[in-house]
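Summary of the model geometry
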Protein chains: 2
Amino acid sequence: MLALTFKNNTLALDPHHPEPTLPPGEALIRPTLLGVCSTDIELCKGYMNFNGILGHEFVGIVQAVANPADSHWLSKRVVGTINCPAKACDFTARGIPEHARSRTVLGILNRNGCFADRFTLPVANLLHVPDSLPDEKAVFTEPLAAAFEILTQVTIQPTDKVTILGDGRLGLLCAQVLATKSNHVQVVGKHDKKLALARSWGLKTTHLANFTPQQDQDFVVDATASDSGFPTALAATRPRGTIILKTTVATRPDAPPINLAPIVINELTVIGSRCGPFQTALDALNHPLSPIRVTDLISLTLPLSQAVEALSLAKSKDNLKILLKP
Amino acid sequence: MLALTFKNNTLALDPHHPEPTLPPGEALIRPTLLGVCSTDIELCKGYMNFNGILGHEFVGIVQAVANPADSHWLSKRVVGTINCPAKACDFTARGIPEHARSRTVLGILNRNGCFADRFTLPVANLLHVPDSLPDEKAVFTEPLAAAFEILTQVTIQPTDKVTILGDGRLGLLCAQVLATKSNHVQVVGKHDKKLALARSWGLKTTHLANFTPQQDQDFVVDATASDSGFPTALAATRPRGTIILKTTVATRPDAPPINLAPIVINELTVIGSRCGPFQTALDALNHPLSPIRVTDLISLTLPLSQAVEALSLAKSKDNLKILLKP
């Protein structure tokens with residue numbers, strides 16, 4: 001089968017990748033639409049020391065299940081959460097299986113991803129996609145859930161000042177989600193076209209060149225995927241305010257030192273925010289009155305056979321979401 | 001008068017420092033006992049670009065007040081909070097005057113400190129010291145309040161696992177305070193004598209050489225005043241656990257890069273914690289059944305005339321609290 005692999009520091013399209021085997025409790029899925037995420041790009045820089053098939057954003061059709069008791073999933077259109085708990089541990093006992101010590105993560109940690117003709121995922125990770133929700137929206141479930149995760153971690157009031165640093169894919173999703181709570185959301189970015197898109201949704205935007213941090217924001221989301229984001233967030237957040245770290249960056253050995261003293265002096269709270277509630281995201285995508293616009297983010301849809309180019313295009317700052325069609 | 005100054009990168013005892021003038025709303029205080037803090041040492045490394053008289057831990061006697069309406073403070077024994085709000089601003093309006101943009105901070109920011117025969121502080125900052133509380137305990141009010149600040153920021157349960165990184169002055173105070181909430185407090189440090197002191201209070205201790213971070217702590221307090229503290233805290237805290245940053249470090253330009261990715265991957269919360277509730281600390285110091293032992297921390301009391309040596313001794317890892325007697 002066709003698959004996009006990152007192995008031995010090399011990104012390559014493999015037209016003859018072996019078919020996946022179906023482990024107990026899992027489903028074989030034929031993806032119908034795939035999303036390229038910045039994490040895929042970071043993985044190709046060495047983040048997580050990943051080796052295998054890339055990809056963790058998908059919508060697809062269940063083609064087989066290992067356990068006959070799961071056969072009601074057959075032919076169902078699904079999305080799926082990406083953390084796969086393995087053995088029980090202190091974290092699963094604590095009710096956070098998504099952080100299980102021995103977990104695998106689709107296309108990120110010790111598990112092949114979905115950028116392939118077929119892949120497997122535990123049935124427990126699957127969510128049914130309503131018929132009314134087209135693939136072009138459903139494929140955003142994973143990143144939109146990650147944006148909604150913020151609302152499970154902090155309480156944002158209508159009067160709170162919220163700044164999203166970064167006008168990329170995830171930044172714009174976070175901005176839309178947080179704008180459902182606060183009337184004072186601004187997006188700070190470097191790309192006129194992306195900022196214009198945010199303005200078309202009614203959001204305030206500021207070009208980074210004109211942004212002077214003033215320690216006056218109640219919440220600052222760092223969605224820059226850049227090591228310049230955090231120092232800017234420190235300077236923009238009010239005392240006792242909250243910084244939400246949404247993007248991970250492969251640490252460069254020559255990265256400038258980070259001064260953590262402002263966290264103490266200003267008694268800031270810094271919260272890491274990762275994967276989020278899929279059902280909430282699906283509901284938001286499917287609600288006829290939802291203000292969340294995801295299809296506006298689609299820059300291009302390419303066949304899976306052009307996946308290497310797709311990752312390269314996703315790196316370009318001119319593009320937002322690049323989709324892949326197997 | 002005698003004063004310990006840090007000016008133009010030079011620490012010096014000034015036997016002929018001009019007497020302070022008494023601004024409106026302030027009290028002239030004759031300190032009777034002073035405490036040396038790690039922040040004093042950091043200031044002498046360039047932290048905050050401080051120039052002036054050092055010192056912010058004191059107990060003393062009010063000798064004069066600028067406003068006759070404040071004359072009930074005369075001859076009273078007092079301690080005092082160190083943040084002095086000046087002009088109203090968005091932070092004072094928000095109810096956090098201790099973070100006011102134009103604030104001064106005793107011996108830290110744009111205000112002479114208390115390592116002198118006399119100094120001034122706004123009357124609004126003063127708290128009366130009960131007669132039953134000796135100077136040797138009252139002088140710990142400021143650092144003990146800083147330890148109690150943690151309990152205003154997080155809720156710690158008896159079953160929570162709590163690790164204090166750092167067996168210094170502040171680390172041991174934090175350990176004692178958090179042990180009033182959790183039954184699983186351990187102190188991790190490098191100094192046998194200090195760890196033995198913690199054990200004498202019934203706390204568990206682990207020598208840093210034998211400490212293997214296992215991502216299993218609900219709360220980790222970084223009280224190391226070292227840039228090695230934060231990476232250790234990241235490795236010791238469980239997913240969705242909390243790191244409390246208690247000490248500030250003057251950033252070294254050659255400091256190793258900090259990898260913030262674990263904050264996101266493990267969805268950690270990092271909270272900066274600074275000054276705390278003085279009345280709570282005074283009450284704890286004065287309560288006959290209080291488990292908090294502060295006088296155990298006193299390594300040495302020197303006359304103010306030996307303040308330069310006192311700061312040097314406070315740097316030595318063999319010592320805990322060094323007091324100064326004017």
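Up top is the structure these notes are about.
Residues numbered from 1 in each chain as written. Chains lettered and ligands numbered in written order. Predicted model: local features only at pLDDT ≥ 70, side-chain atom pairs only at ≥ 80, totals over all residues. Heavy atoms only, no water.

**Quick word on the pairing of strand β15 (residues 237-245) of chain A**
Residues and elements named next belong to chain A. Counting buried positions along β15 gives 8 out of 9 residues, so the element sits mostly inside the fold. By the bridge criterion, 5 bridges tie strand β14 (residues 217-222) to β15 in an arrangement that is parallel. Directly across from V220, in β15, lies its bridge partner I243. Sheet analysis places β15 next to strand β16 (residues 269-272), joined by 4 bridges and oriented parallel. Along β16, the bridge assignment pairs T242 with T269. (Buried < 20%, exposed > 50% of the residue type's maximum accessible area, 1.4 Å probe, protein only. Helix = DSSP H or I, 4+ residues; strand = E, 2+ residues; numbered from the N terminus. Pairing = 2+ DSSP bridges.)

**Comments concerning the pattern of salt bridges**
Residues and elements named next belong to chain B. One pass over the full model with this rule turns up 22 salt bridges over all chains. Between E57 and K321 there is a salt bridge, with the nearest N and O atoms lying 2.8 Å from each other. Of this pair, E57 sits in strand β5 (residues 57-65) while K321 sits in strand β18 (residues 321-325), and the two are 264 residues apart along the sequence. Residue K321 is classed as buried on the basis of its relative accessible area of 3%. The salt bridge partner of R240 is E267, with a shortest N-O separation of 2.7 Å. Taken as a pair, R240 in strand β15 (residues 237-245) and E267 in the loop between α8 (261-265) and β16 (269-272) lie far apart in primary sequence, 27 residues in all. (Salt bridge = Lys/Arg side-chain N within 4 Å of Asp/Glu carboxyl O.)

**A word on helix α10 (residues 307-315) of chain A**
All buried positions along α10(A) are accounted for by A:A307, A:A310, A:L311 and A:A314. Down the axis of α10(A), the smallest arc covering the buried residues is 100°, so these residues share one side. (Arc of directions from axis to C-beta.)

**Remarks on the pairing of β5(B)**
Residue and element names in this part refer to chain B. Across the 9 residues of β5, 7 count as buried, placing the element largely inside the fold. Of the strand pairs in this sheet, strand β3 (residues 26-35) and β5 are connected by 8 bridges, and their pairing is antiparallel. When the bridges of β5 are listed, A27 appears paired with V65. The sheet contact formed by β5 and strand β6 (residues 77-80) spans 2 bridges and is antiparallel. Along β6, the bridge assignment pairs G60 with V78.

**Remarks on the interface of chain B and chain A**
By a frequent convention, interface size equals the accessible area lost on bringing the separate parts together. Of the residues lining the interface, 47 residues belong to chain B; the matching set on chain A comes to 47 residues. Carbon and sulfur atoms make up 59% of the area that chain B and chain A hide from each other, which totals about 3,600 Å². Three residues, B:V264, B:I265 and B:E267, lead the burial of chain B against chain A; their summed loss comes to 16% of the area buried on that side. Summed over the shared surface of chain B and chain A, the number is 6 salt bridges. As a salt-bridge pair, B:R240 and A:E149 come within 3.7 Å of each other at their nearest N and O atoms. Among the secondary structure elements, those contributing two or more residues to the side of chain B that touches chain A are α2 (90-93), α4 (141-153), β15, α8 and β16 of chain B. Within the side of chain B that touches chain A, the residues separate by chemical class into 21 nonpolar, 12 polar and 14 charged. Sheet topology places β16(A) next to β16(B); 3 bridges connect them, and they run antiparallel. By the bridge assignment for β16(B), A:I271 is matched with B:T269. (Contact = heavy atoms within 4.5 Å. Buried area = accessible area lost by both parts, 1.4 Å probe. Nonpolar A, V, L, I, M, F, W, Y, C, P; charged D, E, K, R; others polar.)

**Points about the nonpolar core**
In terms of nonpolar packing, the biggest core is built from 48 residues, with A:V79, A:L144, A:I164, A:L172, A:L178, A:V221 and A:L297 touching the most fellow members. Counting residues per element, this core draws most heavily on helix α5 (residues 169-178) of chain A, which supplies 7 residues. With residues near it in sequence (within four places) discarded, A:V79 still touches A:F58, A:V59, A:N125, A:L126, A:L127, A:V129, A:A138, A:T141, A:F278 and A:L282. Core analysis: the next-biggest nonpolar cluster, separate from the first, contains 46 residues, B:A147, B:I164, B:V185 and B:L320 among them. (Core = buried A, V, L, I, M, F, W, Y, C linked by side-chain atoms within 4.5 Å.)

**Considerations on the relation of the copies chain B and chain A**
With an axial shift of 0.0 Å and an RMSD of 0.0 Å, the rotation relating chain B to chain A amounts to 180°. One copy is carried onto the other by what is essentially a two-fold rotation axis. Here 100% of the interface residues in chain B have copies in chain A that are interface residues too; the copies meet face to matching face. (Least-squares fit on C-alpha atoms with pLDDT ≥ 70 in both.)

**Here we look at the packing of aromatic side chains**
Residue and element names in this part refer to chain A. Enumeration over the complete set of coordinates arrives at 2 aromatic pairs over all chains. Geometrically, the ring pair formed by F58 and F119 is edge-to-face, given 4.8 Å between the ring centres and 75° between the ring planes. A residue pair is termed long-range when its members are at least 10 positions apart, and F58 in strand β5 (residues 57-65) and F119 in strand β9 (residues 119-122) qualify at 61 residues. Among the residues examined, F119 registers a relative accessible area of 2% and is labelled buried. (Phe/Tyr/Trp six-rings, centres within 6.5 Å; stacked < 30°, edge-to-face > 60°.)

**Overview of the sheet that holds strand β2 (residues 10-14) of chain A**
All names here are of chain A. Spatial ordering of the open sheet is given by β2-β1-β4, a layout of 3 strands whose pairing is antiparallel. Unpaired on one side and paired on the other, β2 and β4 (52-53) mark the two borders of the sheet. Looking at chain direction, strand β1 (residues 3-7) and β4 are connected through 2 bridges and run antiparallel. Each residue of the ladder has a partner; that of F6, found in β4, is G52. The strands that α10 touches are β1 and β2; relative to β2, the one it contacts most, it runs at about 140°. (Axes fitted to C-alpha atoms, helices over the stretch in contact; angles between N-to-C directions.)

**Brief notes about the sheet that holds β14(A)**
With mixed pairing, 12 strands are arranged side by side in an open sheet as β13(A)-β12(A)-β11(A)-β14(A)-β15(A)-β16(A)-β16(B)-β15(B)-β14(B)-β11(B)-β12(B)-β13(B). Looking at which strands have only one partner, the edges of the open sheet turn out to be β13 (204-207) of chain A together with β13 (204-207) of chain B. Geometrically, the sheet is characterised by an average inter-axis angle of 20° between neighbouring strands, direction not taken into account. Here strand β11 (residues 161-165) of chain A runs beside β14(A); their pairing, made up of 4 bridges, is parallel. Across the sheet, the residue bridging to A:V162 is A:F219, located in β14(A). Those strands touched by helix α7 (residues 229-236) of chain B are β11 (161-165), β14 (217-222), β15 and β16 of chain B, and its axis lies near 150° from that of β15(B).

**Looking at helix α4 (residues 141-153) of chain A**
For an α-helix, the turn length of 3.6 residues means that residues three or four places apart are oriented alike. Residue and element names in this part refer to chain A. If you check α4, its first and last C-alpha atoms are 19 Å apart, about what 13 residues at 1.5 Å a residue would give, namely 18 Å. A147 marks the point of greatest bend in α4, at about 25°. Turning to α4, its buried residues are T141, E142, P143, L144, A145, A146, A147, F148, E149 and I150. (Expected span 1.5 Å × (residues − 1). Bend = angle between axes of the 7 residues up to and from the residue.)

**Points about unusual backbone geometry**
Residue and element names in this part refer to chain B. One non-glycine residue, M48, lies in the positive phi region at around 70°. Here M48 shows up in the loop between α1 (38-43) and β4 (52-53). In the Ramachandran plot, N110 falls in the positive-phi region, its phi being about 55° despite a non-glycine side chain.

**Describing the packing of α4(A) against α5(A)**
All names here are of chain A. As a packed pair, α4 and α5 sit with axes 9 Å apart at the nearest point and diverge in direction by 45°. With respect to α5, the axis of α4 lies oblique. In the packing of α4 onto α5, the handedness of the crossing is right-handed. Facing P143, L144, A146, A147, F148, I150 and L151 of α4, the residues of α5 in contact are L170, L173, C174, V177 and L178. Considering only residue class, the contact of α4 with α5 consists of 12 nonpolar, no polar and no charged. (Parallel < 35°, antiparallel > 145°, perpendicular 65-115°, else oblique. Left-handed = near helix turned anticlockwise from the far one by under 90°.)

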